[in-house]
Amino acid sequence: MIYLDNAATSFPKPPEVGAAIARFLAEDAANPGRGGHRMAVRAEHMIDDVRRKLARLVNAADPRRMILTLNCTDALNMAIKGVLSRDRGHVVTTVLEHNSVSRPLQALADAGRIALTRVGCDAEGFVDPDAVRRALRADTRLIVMTHASNVLGTIQDAAAVGAIAREHGALFCLDAAQSAGVVPIDVEAMQIDLVAFPGHKALLGPTGTGALYVGERCPPPATLAPGTDLPKKVSDTDFSDTDSRFRAWREGGTGGDSSSPTQPPVYPHYLEGGTPNTVGIAGLGAALDVVLARGPDAALAHERRLLDKILARLDGDERFTIYGPRDVGRRVGALSINVAGLDPNDAAAILDDGFEIAVRAGLHCAPYCHRALGTFPAGTLRISPGPFTTDQEADTLLDALAEIADAGV
Ligand SMILES: Cc1ncc(COP(=O)(O)O)c(C=O)c1O
């Protein structure tokens with residue numbers, strides 16, 4: 001099989017990932033923080049080590065603010081509902097968003113809890129930061145934007161939007177699902193308050209992993225000095241004057257302190273109720289070693305070189321429509337096309353059945369993006385190479401596309 005669906009999840013994973021999972025399962029697979037015994041302590045140390053690596057990846061000073069989640073959707077829900085826990089304010093987002101951003105925001109808007117503005121994009125799939133600025137209102141609480149479109153691969157100017165949010169006093173949440181591991185992210189320099197990302201895409205970890213970085217401007221309900229007793233009832237905390245206080249959307253056992261009737265208001269435990277995916281996190285730790293050693297630049301350069309090769313053959317050929325910019329320097333490794341005379345779902349099925357090539361067709365969970373492109377409701381055929389994709393595989397795809405295009409016209 002030629003796997004060109006890395007934007008959904010990366011495949012294959014580096015061999016180190018499977019080895020780390022097998023070792024963890026055989027030796028340390030206890031429940032972290034749920035016991036004082038050595039195995040539980042080792043499991044907890046492993047998780048904290050992964051936290052530190054993730055913090056390094058986005059230049060976050062405090063690894064305790066790196067919350068481990070089940071995927072990027074989990075992290076985005078945690079961020080959006082954490083900030084908008086009370087009925088209040090206006091939120092700015094964009095038409096490029098994945099449903100993991102659009103749906104939670106739309107549900108809050110439908111319930112009358114927030115006002116929502118969706119900023120458009122240009123014909124190539126870029127959001128103008130000035131359009132975000134113009135959409136702001138006095139009561140704008142939050143800006144949520146994708147770093148790279150999962151349909152077009154277009155990389156957005158996150159630093160410019162971060163500066164606009166900071167200037168306005170709003171929080172900025174970045175969906176880095178398609179960028180973490182290939183595009184540098186610096187939460188300080190880019191003024192990002194919340195960044196959500198999966199462990200299973202360009203970070204090359206297993207499914208069931210992800211993270212949310214929660215910045216200093218999103219404090220938990222009450223911050224206790226070390227050694228202070230927990231409040232008797234955290235739920236009695238007064239939120240009336242604490243606009244930026246962050247609320248847990250998932251509550252439950254956290255291991256450490258079981259006496260408190262509510263979540264201990266300390267990161268990461270405040271947001272990490274329930275047994276974590278320790279097995280997946282062990283694999284993610286090994287994947288991060290590979291990603292951090294190689295560096296995001298090398299991975300992105302490889303994907304861009306392959307996209308360039310694909311574009312060189314398809315661009316200008318009237319049998320194909322290409323979406324997004326021709327300049328691969330403005331993209332991550334995702335390319336949307338259509339084949340004349342063929343529904344993208346049919347094209348993907350032919351590639352799968354006839355050529356053993358895996359690509360993704362349809363709306364890619366981003367319906368507003370396809371409305372903006374004029375490709376709603378059929379969508380597009382998305383080609384997303386990864387770090388292990390070879391030139392030969394790209395050539396095989398191009399030959400297959402030429403064959404099905406001839407049959408389709
Ligand atoms: C831009 C974007 N955001 C969020 C998500 C959701 O990620 P996950 O599948 O890890 O929940 C995806 C998944 O493809 C995505 O592409």
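It should be emphasised that the depicted structure is a prediction, and the values quoted were computed from it without experimental measurement. (Residues numbered from 1 in each chain as written. Predicted model: local features only at pLDDT ≥ 70, side-chain atom pairs only at ≥ 80, totals over all residues. Heavy atoms only, no water.)

Colleague: Could you clarify how one ought to interpret helix H8 (residues 296–314) in this entry?
Modeller: A turn of α-helix holds 3.6 residues, and therefore any two residues three or four places apart point the same way. Between its first and last C-alpha, H8 extends 27 Å over 19 residues, near the 27 Å set by a 1.5 Å rise per residue. Of all the residues in H8, the buried ones are Ala299, Leu300, Glu303, Arg304, Leu306, Leu307, Ile310, Leu311 and Leu314. The buried side chains of H8 occupy one side of the element, clustering within an arc of 165 degrees when seen end-on. Summarising the geometry of H8, the exposed residues directed more than 90 degrees from the buried face are Asp297 and Ala312. (Helix = DSSP H or I, 4+ residues; strand = E, 2+ residues; numbered from the N terminus. Expected span 1.5 Å × (residues − 1). Buried < 20%, exposed > 50% of the residue type's maximum accessible area, 1.4 Å probe, protein only. Arc of directions from axis to C-beta.)

Colleague: What is the right way to look at the state of the cysteines in this model?
Modeller: Between two cysteines, a covalent bond joining their sulfur atoms is known as a disulfide. A complete count under the given rule lists 0 disulfides for this structure. Here Cys121 stays unpaired: no disulfide links it, and the sulfur of Cys369, its closest cysteine neighbor, is 6.0 Å away. Cys218 takes part in no disulfide bond, and the closest cysteine sulfur, belonging to Cys173, lies 8.8 Å away. (Disulfide = S-S within 2.5 Å.)

Colleague: Mind showing me how you'd approach the site of the ligand here?
Modeller: Around the ligand, 14 residues are found, and the nearest of them are Thr73, Asp175, Gln178, His200 and Lys201. Take Cys72: an N or O atom from its main chain is 2.9 Å from an oxygen atom of the ligand. At 2.5 Å, a side-chain N or O of Lys201 approaches an oxygen atom of the ligand. Calculation on the ligand without its partners gives an accessible area of 390 Å², and the protein chains cover 90% of this total. Class assignment for the residues of the shell around the ligand results in 4 nonpolar, 8 polar and 2 charged. (Near = heavy atom within 4 Å. Polar contact = N/O pair within 3.5 Å; in protein donor to acceptor, adjacent residues only side chain to side chain. Areas by Shrake-Rupley, 256 points an atom, 1.4 Å probe, with all protein chains shown as cover. Nonpolar A, V, L, I, M, F, W, Y, C, P; charged D, E, K, R; others polar.)

Colleague: Help me understand the sheet that holds strand S2 (residues 66–69) in this model?
Modeller: Strand pairing in a sheet is mediated by backbone hydrogen bonds. Such pairs are either parallel or antiparallel. Strand order in the open sheet formed by 7 strands is S2-S8-S7-S6-S5-S3-S4, and the pairing between neighbours is mixed. Among the strands making up the open sheet, the edge pair consists of S2 and strand S4 (115–119). Averaged over all neighbouring strand pairs, the angle between strand axes comes to 15 degrees, with direction disregarded. Here strand S7 (residues 194–198) runs beside strand S8 (residues 210–214); their pairing, made up of 5 bridges, is antiparallel. By the bridge assignment for S8, Val195 is matched with Tyr213. (Pairing = 2+ DSSP bridges. Axes fitted to C-alpha atoms, helices over the stretch in contact; angles between N-to-C directions.)

Colleague: Even after reading the chapter, I still don't get the packing of aromatic side chains, so can you show me in this structure?
Modeller: Remark: the centre distance and the inter-plane angle together describe each pair of aromatic rings, the angle taken between the planes. Applying the stated criterion to the full structure yields 2 aromatic pairs. Seen in terms of ring centroids, Tyr3 and Phe11 are 5.4 Å apart; in terms of plane orientation they differ by 65 degrees. Their pairing is edge-to-face. Cation over ring: Arg371 sits above Phe376, and NZ or CZ is 3.8 Å from the ring centre. (Phe/Tyr/Trp six-rings, centres within 6.5 Å; stacked < 30°, edge-to-face > 60°. Lys NZ or Arg CZ within 6 Å of the ring centre and 35° of its normal.)

Colleague: Help me understand the sheet that holds strand S12 (residues 360–362), please; the structure alone is not making it clear to me.
Modeller: Spatial strand order, S9-S10-S13-S12: 4 strands in an open sheet with antiparallel pairing. Across the chains shown, the open sheet's two edge strands, defined by having one partner strand only, are strand S9 (320–323) and S12. Averaged over all adjacent pairs, the angle separating strand axes in this sheet is 30 degrees, with direction ignored. Pairing geometry for S9 and strand S10 (residues 335–339), over 4 bridges, is antiparallel. Within S10, the position partnered with Phe320 by the bridge is Val339. The strands touched by H8 within the sheet are S9, S10 and strand S13 (380–383), with S10 carrying the most contacts at an inclination of about 25 degrees. The strands touched by helix H9 (residues 344–355) are S10, S12 and S13; relative to S13, the strand with the most contacts, the crossing angle is about 40 degrees. (Contact = heavy atoms within 4.5 Å.)

Colleague: Explain unusual backbone geometry here, please?
Modeller: Peptide bonds are trans in most cases, and residues, glycine excluded, mostly fall at negative phi. The linkage connecting Phe11 with the following residue, Pro12, adopts the cis geometry, with an omega of -5 degrees. Inspection of the secondary structure assignment puts Pro12 in the loop between strand S1 (2–3) and helix H1 (15–27). In the segment running from Tyr267 into Pro268, the intervening peptide bond is cis, with an omega of 5 degrees. For Glu356, which is not glycine, the phi torsion reads 55 degrees and is therefore positive. With a relative accessible area of 48%, Glu356 lands in the partly exposed category. For His364, which is not glycine, the phi torsion reads 55 degrees and is therefore positive. Tracing the backbone shows His364 in the loop between S12 and helix H10 (367–373).

Colleague: Is there a simple way to explain the nonpolar core in this structure?
Modeller: Within soluble globular proteins, side chains that are nonpolar tend to cluster in buried spots. In terms of nonpolar packing, the biggest core is built from 54 residues, with Leu54, Phe172 and Phe197 touching the most fellow members. The biggest single contributor to this core is helix H2 (residues 38–57), with 7 residues. Those residues in contact with Phe197, other than ones at most four positions away along the chain, are Leu54, Leu57, Val58, Met66, Cys72, Ala176, Ala180, Leu203, Gly210 and Ala211. Core analysis: the second largest hydrophobic core is formed by 29 residues, Met78, Ile114, Leu212 and Tyr267 among them. (Core = buried A, V, L, I, M, F, W, Y, C linked by side-chain atoms within 4.5 Å.)

Scope: geometric values only; no functional claims are made or implied.
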